[in-house]
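So you can see what is in the structure, the chains are spelled out below.
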Amino acid sequence: MKKPIEKKPATLVRLHAWCRLIGVTSLVLGVASLVLVKPTSLAGAVSEIWNQIRTMEMGFACKVVVVEFAIALLVLVLEILVMLKLAAGRKNIAGAGATLQAILAVTLFVGVNLFSYSHYQLVDTTLGRLFTLPMDLKSKLENLRDETTIVVCQLHKTFGKFTEKPDRFDYAAERVVVAKVKDLVDQLRELGPKFRVQVLDVEDENYERRLADLTSNAPQLRKAIETAPENSIFFWAKNSAGSITEMIQRMSFNDFYRLDKTASVEANQQRGNLMLLPQGREGSGAVEPFVRKILALEARKPRVAVAVVDEWLTTRGTDSFGYNGLRKSLESHGFEVKDLILRKLRQRPASSVAYTFDESKLDRLDQRIRVIDTNLERFEKGLGALGKMALQWKGTPLSELEKAYSDQLRGAKLSEENRKAQVEYFEGELKNLQEARDRLQKQKLEVTKEKSSLDVDSLIEQQRMTDLEAKMNLLLADCDLLLVPRPTLHDVITDDRNLPHWLHGLEKAQVDAMQSFIKSGKPVFALLGPTSEPQDQGPVPQGFVANDGFEDLLAKLGFKLGKQTVLFDEEVEGFSEQMAGLLTGGTGIQAPPLLLDWSEGSGRPVALKPNFAKAAHPIRESLKLTGRSQSPDKPLELRLRHPRPVYFDAPQGVNLVYNPELFQTSRDSWNESQPFPEMQGVGERKIPSYNPDDKDPNKGTLEARRRGPFPVGAAAEVPVPAEWYANTPPKKLPSVRLAVVGESWFLSGPELPPVKERFALDVCNWLLGREDFLPRPSTPWKYPRIEMQDRTKVLWLWGTQLGMPAFFAYLGFVVLIQRRMR
């Protein structure tokens, strides 16, 4: 007789079911509670919870997740124990073996994954080891301690704003760059949990919310993202040493992978294929500039001093005259900008100074306060006088008023209506004066508040320095690059914004300080407009000089600037329109673009051709490469209006490794000593035009009147002249880098167009010895495509259409024979 099967009590069954339900519910709630940690991914949430547990600083969300998973784990352990008891109770060897095998399999699966999570190794099997960091960069990154956040910001302003309407190559390049950043960050994560990446897309409907969450404790990062001019990658970290400060670096997509649109259009037999140029050194791909930005988070930014003669020409000056756009471009690419003001033009006569922008601002604010105080004093006196007169007309009898104003009344009688009207007039005037006084007092409060934001005591102490050269040396001591813009001719046809060249003249002490700056091996970027003047200009005013010696200083270093102005054939039409009396005559003139390619020796008279190296200057090569970011039918164009020739003659014993000339004007140009219309007779004016002259006194020299092209920009590295040393010069003279352009207005204005911005950045980076920051050619990355020869195509055609069916037919026949043999 069989023994009846014992059933579990109903209470135990219900308890077992409730435990299972609680375990499953806890597991589901635990996974759902991960949202409270605000993760970007499941791995990110787990990593954040583990970090909080390890540091014993668990937040509320972390505690909830830990408790729920602990309950689920406890129920799982109980379930395993119940299963083991059942298997042992049945004494079923097969069932126990199966259960044991399942447990061992689960243990092995979990154990292998846990071990691989903490002990893993990436094996790069690609040709060229594309996913392996160079050892020198890897060793530098291993020393990083703080976490770095990498933000990929897609503004869909593609590649330096060179293209107004992006095309398929721009969008494809944008997608590839985002994917490349993610791949590179995955490589960096091998060095530890020090990097996290965030992708922001302005077309995403959650962009504002994601931006707010990302920058809730990073106001400077938010400002940098909101002011980014193009698609950018931001590197952000907090410096916890001392006061917590934000550290930010930005690089454009183009500084990571540069789009070669010209090659992209021409690739694949004109059918097109995306071609990107990695901007690292050959062999490292785009890893180098990416890692360089991470390592430079704590590095000091290069400081550029901009030396001008008045506040309205500074990088915080007026939109028409200032270099505000230049400041924005430099600061957005990792530079600091410092304004130096060298004269007080508003004084009569003008005086030379060495002021920072804040010093000049303090003078301006003090002057405004003095003017406001003078006007307030006048208003107070006027209010007192009007108040007395109003009281007099209110309380004095009419008879006495008639006597007091008998001369004005001339026998007329006053009435109460007259008294009332006069009192109303005085009260109205009092009200107007009180409102004007209140406005002035409000202005004074605003000016005083603005003044209080300055370090007044320190600025006053600086202003007390009377030694001009010593003050200049002090202000230049912490600067890495000196930029000297001298805008002169802006439009000789309409006389719009033209400035005389003597306006920029400096004292000898100031020029000597610049010479000392160069002598120390620090670079200078000079933008010097033409020195041409109208015939009726008159003598140089008192307090100014026509030649301050700065150009002579550059000449000793090999840079010779022409005394004439380069005009273009297109301007002859503008002169004619102006002479015809057209209101807008000459305002639409556009100078031809500068040449980046020319035949060897062009740009000078035949007898004065220099013996330059054939290799093009890195800045010139950079501009040519930048031009390939545009479509072939829209070449990159840099234009200068009214430049002056800039020639370079290497000092004796100096051998240059490349041609120092950066660009030349087109052949449709000529040099003119008098670029202004000249009066001839009554109401007649002579228009400048090119006329060959065999009697030219400058014939055979660089100043000879001739047709273009003309070099208008040069850059070179030369040794400091031995004559600059009063005592015995050193055995090895220090070398210095300089760049000179014969025009200055093209970098002024509130914004810099992309091509001008690229040029300014390239010049500054080259002068500072940062060639790695210049666009560079490299082995291009491209979409892989199978390029087959005609014979290969035939083999593939026969193989796919005949070979594969025949092969499978053969396999079927073999199977059939095998079955019949059974």
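Right, let's walk through the structure included here. Since this is a predicted model, take the numbers as computed values, not measurements.

Looking now at the pairing of strand 8 (residues 336-344). With respect to burial, strand 8 is a largely interior element, seven of its nine residues being buried. Two strands pair when backbone bridges link them, and strand 7 (residues 303-308) and strand 8 are joined in this way by six bridges, in the parallel orientation. Residue pairing across strands places Val 306 opposite Asp 339, the latter belonging to strand 8. Handedness of the crossover is the feature at issue here: the chain leaves strand 7, passes through helix 12 (residues 324-332), returns alongside strand 8, and the resulting connection is right-handed. Pairing of strand 8 with strand 9 (residues 351-356) involves four bridges; the strand directions are antiparallel. From the neighbouring strand, Lys 344 faces strand 9, where its bridge partner is Ser 351.

Right, let's talk about empty space enclosed by the protein for a bit. For the structure shown, the criterion picks out four cavities of 30 Å³ or more. In this structure, the largest cavity spans a volume of roughly 200 Å³. Asp 255, Arg 292, Lys 293, Arg 758 and Phe 773 are, among the 18 residues lining the largest cavity, the residues nearest its centre. Contributing elements (two or more residues each) for the lining of the largest cavity: strand 4 (245-252), helix 11 (287-295) and helix 23 (754-767).

Within the fold, Arg 258 resides in strand 5 (residues 257-259). One buried charged residue, Arg 258, remains without a salt bridge, the closest side chain of opposite sign being Asp 255 at 4.2 Å. Discounting chain neighbours no more than four positions away, the residues touching Arg 258 are Met 275, Leu 276, Leu 277, Gln 279, Leu 625, Thr 626, Ser 629, Arg 758 and Pro 775.

The subject of this paragraph is a nonpolar patch on the surface. Nonpolar side chains collect at one region of the surface, where Leu 73, Leu 74, Leu 76, Val 77, Leu 78, Ile 80, Leu 81 and Ile 103 lie side by side and expose about 690 Å² of accessible area between them. In terms of residues, the nonpolar patch owes the most to one element, helix 3 (residues 60-89), which gives seven residues. Residue position: Leu 76 is located in helix 3. Assessed through its relative accessible area of 46%, Leu 76 is described here as partly exposed.

What follows deals with the sheet that holds strand 15 (residues 661-664). Taken in spatial order, the eight strands make up an open sheet running 9-8-7-10-11-20-19-15, and their pairing is mixed. Unpaired on one side and paired on the other, strand 9 and strand 15 mark the two borders of the sheet. When strand polarity is set aside, the average angle formed by the axes of neighbouring strands in this sheet is 15°. Here strand 15 pairs with strand 19 (residues 711-719) via three bridges, running antiparallel. Note on strand 19: the bridge partner recorded for Gln 664 is Pro 711. Packed onto the sheet, helix 13 (residues 357-395) meets strand 8 and strand 9 and runs at close to 115° relative to strand 9.

For the rest of this paragraph, the subject is the sheet that holds strand 4. Backbone hydrogen bonds hold the strands of a sheet together, and the pairing may be parallel or antiparallel. Ordered in space as 2-1-3-4, the four strands form an open sheet in which the pairing is mixed. Each edge of the open sheet is held by one strand with a lone partner, namely strand 2 (195-201) and strand 4. The mean inter-strand angle of the sheet, taken between neighbouring strand axes irrespective of direction, is 20°. Taken together, the eight bridges between strand 3 (residues 232-239) and strand 4 define a ladder with antiparallel strand orientation. Looking across to strand 4, one finds that Phe 234 is bridged to Arg 250.

Quick look at the packing of aromatic side chains now. The tally for this structure, following the rule as stated, stands at 12 aromatic pairs. Plain terms: the ring middles of Phe 321 and Trp 745 are 5.8 Å apart, the flat faces sit at 55° to each other, and that makes the pair tilted. Of this pair, Phe 321 sits in the loop between strand 7 and helix 12 while Trp 745 sits in the loop between strand 20 (735-741) and helix 23, placing them 424 residues apart in sequence. Ring centres of Tyr 658 and Trp 766 lie 6.5 Å apart, and the angle between their planes is 70°; this geometry places the pair in the edge-to-face category. With Tyr 658 in the loop between strand 14 (646-648) and strand 15 and Trp 766 in helix 23, this residue pair connects regions lying 108 residues apart in the sequence. The residues Tyr 658 and Trp 766 share a single accessibility class, namely buried. Its guanidinium or amino end placed over the ring of Trp 766, Arg 737 lies 4.5 Å from that ring's centre, counting from NZ or CZ. A cation over an aromatic ring shows up here: Arg 770 above the ring of Phe 773, its NZ or CZ 4.0 Å from the ring centre.

How each quantity is defined
- Residues numbered from 1 in each chain as written.
- Predicted model: local features only at pLDDT ≥ 70, side-chain atom pairs only at ≥ 80, totals over all residues.
- Heavy atoms only, no water.
- Buried < 20%, exposed > 50% of the residue type's maximum accessible area, 1.4 Å probe, protein only.
- Helix = DSSP H or I, 4+ residues; strand = E, 2+ residues; numbered from the N terminus.
- Pairing = 2+ DSSP bridges.
- Right-handed = clockwise from strand over helix to strand, strands pointing away.
- 1 Å grid on protein atoms, 1.4 Å probe; cavity = no way out; pocket = protein on both sides within 12 Å on 5 of 7 lines; lining within 4 Å.
- Points joined across faces, edges and corners; volume = space filled by probe spheres on them.
- Lys, Arg positive; Asp, Glu negative; His and termini not counted.
- Salt bridge = Lys/Arg side-chain N within 4 Å of Asp/Glu carboxyl O.
- Contact = heavy atoms within 4.5 Å.
- Patch = residues over 30% accessible without salt bridge, like charges linked within 9 Å, V, L, I, M, F, W, Y side chains within 5 Å.
- Areas by Shrake-Rupley, 256 points an atom, 1.4 Å probe, with all protein chains shown as cover.
- Axes fitted to C-alpha atoms, helices over the stretch in contact; angles between N-to-C directions.
- Phe/Tyr/Trp six-rings, centres within 6.5 Å; stacked < 30°, edge-to-face > 60°.
- Lys NZ or Arg CZ within 6 Å of the ring centre and 35° of its normal.

The quantities given are spatial measurements derived from coordinates; they are silent on function.
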